[in-house]
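# Observations on chain architecture
What follows is each chain in one-letter form.
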Amino acid sequence: INIVIGKGPSARAIRLKLPHFTIIGTTSKPSQVDKRLLRWVIPFDFVSYSLSEIEEIVILIGEQFNLYISRDAARLLAPYCEGNPGHVKALIRRIRSYYNVGSGEVSPETAQEVLIHFGYNPQAENSFDWIKTLQNMSGVEFEDFIGEFFQRKGYSVEFTSTTGDHGIDLILKRNKEIIAVQCKKWSSPVGEAVIRDFLGSMHHAGIKIGVVIATTTFSSQARTFIKNKPVKLIDLDNLIQLIR
């Protein structure tokens, strides 16, 4: 296999000799790799760029766009690139577009002004910040987060995940109202079968109202199934609206 590194005159090729029948693949969604393939996979994770390395990349990509970014300015910009050179390039494009210049120098003051203008604030909690936060939670963390959210809304919350819940993760109580909650920390749409099982668990527990909360979407079949049924579906976008 030939691997080409770089572009243009500075590009170089590395030739790797591999055993017969070797396949090399990459994915950003390892949870979706077919289980049959996993029997044969030898997994390797890419090491993330360090903050100092991203600073260097900010300066180098800036030069490609004829922007001369000072070391101090690069240090300000680097934390907002999430260790990803693609994000570096997108941010630098935005800087050049913001100032409407073909070339120039980016000082720390300029970098700070751009960050404020584009809403890069570590304290800001916009929709995209919440998407990243929720999707990076583990299943247990997500259940804890939802439980704390409803506690702030005045509900008493019973966590059932360790006591044989049969699909019910939380039981909410306020006055005479009792609600069963299922939390789905998924990356793919939640289907009808999940909702059907949850409804059966509600009947088994004698609970008349249910809510399924997911970090993704619900299939059209799932949404059709709940019509005229006492189950509410809250997908990621709905959840972010509730949080905000």
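Higher on the page you've got the structure.
Residues numbered from 1 in each chain as written. Predicted model: local features only at pLDDT ≥ 70, side-chain atom pairs only at ≥ 80, totals over all residues. Heavy atoms only, no water.

## Brief notes about the sheet that holds strand E5 (residues 156-159)
Taken in spatial order, the five strands make up an open sheet running E5-E6-E7-E8-E9, and their pairing is mixed. The open sheet has two edge strands with one neighbour each: E5 and strand E9 (231-234). The average angle at which neighbouring strand axes cross in this sheet is 20 degrees, direction not considered. Bridge count for strand E7 (residues 177-184) against strand E8 (residues 209-214) is six bridges, and the pairing is parallel. Bridged to Val181 within E8 is Val211. (Pairing = 2+ DSSP bridges. Helix = DSSP H or I, 4+ residues; strand = E, 2+ residues; numbered from the N terminus. Axes fitted to C-alpha atoms, helices over the stretch in contact; angles between N-to-C directions.)

## Section: the packing of aromatic side chains
All told, the structure shown has four aromatic pairs when counted by the stated rule. Relative to Phe150, the ring of Phe149 lies with its centre 5.4 Å away and its plane at 80 degrees, an arrangement referred to as edge-to-face. In this pair, the class of Phe149 matches that of Phe150, namely buried. With centroids separated by 5.7 Å and ring planes inclined at 85 degrees, the aromatic side chains of Phe150 and Tyr155 adopt a geometry described as edge-to-face. Comparing Phe150 with Tyr155 shows no difference in burial state: the two are buried. Each member of the aromatic cluster is reached from another via a ring pair, and the members are Phe149, Phe150 and Tyr155. Residue placement shows Arg174 over the ring face of Tyr155; its charged tip is 4.0 Å from the ring centre. Positioned over the ring face of Phe225 is Lys229, at 4.4 Å from the centre of the ring. (Phe/Tyr/Trp six-rings, centres within 6.5 Å; stacked < 30°, edge-to-face > 60°. Buried < 20%, exposed > 50% of the residue type's maximum accessible area, 1.4 Å probe, protein only. Lys NZ or Arg CZ within 6 Å of the ring centre and 35° of its normal.)

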